[in-house]
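# Secondary and tertiary structure notes
Each chain, letter by letter, is given below.
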Amino acid sequence: MTDAQLDLGDLGLDAGGHLLLRRALGALRAGERLAVRGRDPALPVHLGAWCRSEGHALDVSDGAPVGQCHAVIVRGERADLRWLGAVRAGETGTVGTRPPAAWGMAARGALLEAGGPEPHFDLDDRDLVWADVAPQLYAHAAARQWDPATAVPWEEPFTLADDVESAVVQVMTYLVENEQVALLVPARFLGRIHPHFREVLQLLAVQVADEARHIEVFTRRALLRRKALGTSSAAGRVSLFTLVEESDFSLASFLLSVLGEGTFVDLLGFVATHAPDPVTRRVTSLAMQDERRHVLFGVAHLAQHAALEPRLRDRLRAAVERRYDALRDMAGLNADVFDALVVLAAGDWTPEAIRSGYLRVRQLERQMDEGRRRRLERLGFPADEAAELSALHTRNFM
Ligand SMILES: [Fe+2]
Ligand SMILES: [Fe+2]
């Protein structure tokens with residue numbers, strides 16, 4: 001039998017020589033021999049240690065010329081054992097129904113050496129977290145990221161009356177506190193979702209990044225001409241806290257995305273339409289585009305889940321009722337926010353203008369209600385039930 005040959009030259013095993021050894025041995029079967037030569041002074045010692053750790057036998061020749069190492073490696077049986085019983089963590093392109101805990105730290109589709117940790121991800125059920133649209137939504141989200149520094153005309157000149165500027169600052173203050181909650185809720189679930197559902201992780205991670213930008217641009221608009229923010233009502237914060245407290249992924253997505261962010265899409269569109277300056281118009285319309293995507297994912301994964309598990313709707317309904325009961329005695333929307341919206345929609349201080357601003361805000365509330373009913377019907381609620389549940393949604397919008 002002719003031995004396979006490998007000349008390492010002066011390359012040592014401490015500088016990558018093991019890659020050449022492994023490659024050469026990979027072409028051999030157990031028991032076959034590889035003749036190795038090299039000039040690295042440490043080679044005889046390193047070869048011994050490496051062969052022991054890899055499970056090969058080694059024979060170093062005494063007769064090599066000075067400064068040279070001649071050796072023969074016999075490929076061992078044990079070298080193949082490491083991957084004996086190795087399984088793949090599913091298939092790259094296929095999303096499994098219930099990925100095992102042991103897959104959690106590996107890429108989907110990787111060949112897993114036996115052993116390793118079995119981290120517990122409690123959201124490990126495809127029906128619970130997955131939506132078929134998640135990969136496309138992630139691609140869309142990644143492509144639509146915008147830079148707050150350049151996407152908004154911060155320097156564009158405009159002049160606003162003092163009380164209109166106050167109304168803008170009040171609306172921005174309210175938006176920021178809502179955006180903070182919209183960031184916290186998906187962020188808290190990210191670490192609980194099995195990484196096998198990586199497109200969902202990626203999508204929610206970008207969603208969190210979207211909310212980070214919304215917080216930034218709304219804060220920056222509020223402070224563009226003022227040193228202080230507007231007011232934050234206790235009732236508004238109580239309402240938001242019920243979202244942060246919800247630990248069930250389906251219920252939290254339902255309350256936040258389907259009902260809250262859905263309602264916010266209408267609100268942001270309203271502020272963009274009645275914005276008195278180009279910066280306010282731009283920041284609200286940029287955020288609205290992102291919010292549409294957040295709503296799409298919430299509706300998609302819950303619609304898919306509800307189709308498989310009809311009793312999900314009972315739980316969703318109970319969640320709305322529970323939240324309504326918890327907030328029953330609360331004022332709902334911060335009155336300062338309502339008034340600021342009226343001022344923005346009025347555009348002037350005549351009684352006629354204020355009346356029409358007021359009517360436009362009432363019209364906005366009806367539009368929000370219609371949107372919620374439409375999305376509830378997408379989840380399979382009959383029209384009368386959808387109307388009933390939409391009416392129970394928090395008056396704080398989110
Ligand atoms: Fe947002
Ligand atoms: Fe959002």
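Remember, it's a predicted structure, so these values are computed and weren't measured experimentally. (Residues numbered from 1 in each chain as written. Chains lettered and ligands numbered in written order. Predicted model: local features only at pLDDT ≥ 70, side-chain atom pairs only at ≥ 80, totals over all residues. Heavy atoms only, no water.)

## What about the overall build of the protein chain?
- Helices and strands together make up the secondary structure of the protein chain, namely 14 helices and six strands.
- Taking 21 Å as the expected radius of gyration for a compact globule of 398 residues, we find that the protein chain reaches 31 Å, considerably beyond that expectation.
- Across its three principal axes, the protein chain shows a C-alpha extent of roughly 105 × 55 × 30 Å.
- Evaluated residue by residue, the protein chain yields a buried proportion of 49% over its 398 residues.
- Considering only intrachain contacts with a sequence separation of at least 6, the fraction spanning at least 24 residues in the protein chain is 78%.
- Surface accessibility of the protein chain: about 19200 Å² in total, with carbon and sulfur atoms responsible for 53%.
- In the protein chain, 46 side chains carry a positive charge and 55 a negative one; their mean positions are 2 Å apart. (Helix = DSSP H or I, 4+ residues; strand = E, 2+ residues; numbered from the N terminus. Rg over C-alpha atoms; globule rule 2.2 N^0.38 Å. Buried < 20%, exposed > 50% of the residue type's maximum accessible area, 1.4 Å probe, protein only. Contact = heavy atoms within 4.5 Å. Areas by Shrake-Rupley, 256 points an atom, 1.4 Å probe, with all protein chains shown as cover. Lys, Arg positive; Asp, Glu negative; His and termini not counted. Charge placed at Lys NZ, Arg CZ, Asp CG, Glu CD.)

## Things to note about the coordination of the iron ion (ligand 1)
- Taken together, the protein ligands of the iron ion (ligand 1) are Glu-179 (OE), Glu-211 (OE), His-214 (ND1) and Glu-291 (OE), with distances of 1.9 to 2.2 Å.
- Sequence positions of the residues that donate to the iron ion (ligand 1) give the spacing E-x31-E-x2-H-x76-E.
- The distance between the iron ion (ligand 1) and the iron ion (ligand 2) is 3.6 Å, with Glu-211 acting as a donor to both metals. Of this pair, Glu-179 sits in helix 6 (residues 162-190) while Glu-291 sits in helix 10 (residues 278-308), and the two are 112 residues apart along the sequence. (Donors = N, O, S within 2.8 Å, 3.2 Å for Na, K, Ca; no water.)

## Overview of the coordination of the iron ion (ligand 2)
- Here the iron ion (ligand 2) is held by the protein donor atoms Glu-211 (OE), Glu-261 (OE), Glu-291 (OE), Glu-291 (OE) and His-294 (ND1), which lie 1.9 to 2.7 Å from it.
- Each donor residue of the iron ion (ligand 2) belongs to the same chain, with the gaps between them written as E-x49-E-x29-E-x2-H.
- Assessed through its relative accessible area of 2%, His-294 is described here as buried.

## So, the pairing of strand 4 (residues 69-74)
- With five of six residues buried, strand 4 is to be regarded as a mostly interior element.
- Relative to strand 4, strand 2 (residues 33-38) runs antiparallel, the two being bridged by six bridges. Paired with Ala-35 across the strands is Val-72, a residue of strand 4. (Pairing = 2+ DSSP bridges.)

## Focus on the nonpolar core
- Leu-175, Ile-193, Phe-218, Phe-254, Leu-267, Leu-341 and Leu-379 are the most contacted members of the largest nonpolar core, which totals 90 residues.
- The element contributing the most residues to this core is helix 9 (residues 249-274), with 14 residues.
- Contacts of Phe-218, omitting those with residues within four sequence positions, involve Met-172, Leu-175, Val-176, Glu-179, Leu-268, Val-283, Thr-284 and Ala-287.
- By size, the runner-up hydrophobic cluster in this structure holds 16 residues, among which are Leu-8, Leu-25, Leu-28 and Leu-34. (Core = buried A, V, L, I, M, F, W, Y, C linked by side-chain atoms within 4.5 Å.)

## With respect to helix 8 (residues 234-245)
- Across its twelve residues, helix 8 extends 16 Å between first and last C-alpha, which sits within 8% of the 16 Å expected from 1.5 Å per residue.
- Residues of helix 8 that are buried sit in contact with helix 6, helix 9 and helix 11 (312-327). (Expected span 1.5 Å × (residues − 1).)

## Quick word on unusual backbone geometry
- For Phe-397, which is not glycine, the phi torsion reads 75° and is therefore positive.
- Tracing the chain through its elements places Phe-397 in the segment after helix 14 (383-392).
- With relative accessibility at 4%, the residue Phe-397 sits in the buried group.

## Quick look at the side chain of Ser-253
- Position of Ser-253 among the secondary structure elements: in helix 9.
- For Ser-253, a relative accessible area of 8% gives the class buried.
- Within the structure, Ser-253 has its side chain in polar contact with the backbone oxygen of Phe-249 (distance 2.7 Å). (Polar contact = N/O pair within 3.5 Å; in protein donor to acceptor, adjacent residues only side chain to side chain.)

## Some remarks on helix 4 (residues 134-143)
- Taken residue by residue, helix 4 has Ala-134, Leu-137 and Ala-141 as its buried positions. Down the axis of helix 4, the smallest arc covering the buried residues is 65°, so these residues share one side. In helix 4, those exposed residues whose orientation departs by more than 90 degrees from the buried face are Gln-136 and Ala-143.
- Looking at the buried residues of helix 4, the elements they touch are helix 7 (198-222) and helix 10. (Arc of directions from axis to C-beta.)

## Description of the domain arrangement of the protein chain
- Domain annotation of the protein chain identifies domain 1 (4-81), domain 2 (85-120) and domain 3 (126-391).
- A straight line from the C-alpha centre of domain 2 to that of domain 3 covers 36 Å.
- Taken together, both faces of the contact between domain 2 and domain 3 bury some 900 Å²; the carbon and sulfur share is 54%.
- Remark: the boundary between domain 2 and domain 3 carries one salt bridge.
- A salt bridge links Arg-108 to Glu-199, with the shortest nitrogen-to-oxygen separation between them at 2.9 Å.
- Taken together, the connections running from domain 2 to domain 3 amount to six residue pairs in polar contact (both at pLDDT 80 or more).
- Classifying every residue of the side of domain 2 that touches domain 3 by side-chain character gives six nonpolar, five polar and one charged. (Domains from an automatic or database assignment. Buried area = accessible area lost by both parts, 1.4 Å probe. Salt bridge = Lys/Arg side-chain N within 4 Å of Asp/Glu carboxyl O. Nonpolar A, V, L, I, M, F, W, Y, C, P; charged D, E, K, R; others polar.)

## Considerations on the packing of helix 9 against helix 10
- Between helix 9 and helix 10, the least distance of the axes is 8 Å, while the angle of their chain directions is 150°. One element, helix 9, and the other, helix 10, form an angle in the roughly antiparallel class. Where helix 9 crosses over helix 10, the handedness of that crossing is left-handed.
- Partitioning the contact of helix 9 with helix 10 into residue classes produces twelve nonpolar, twelve polar and four charged. (Axes fitted to C-alpha atoms, helices over the stretch in contact; angles between N-to-C directions. Parallel < 35°, antiparallel > 145°, perpendicular 65-115°, else oblique. Left-handed = near helix turned anticlockwise from the far one by under 90°.)

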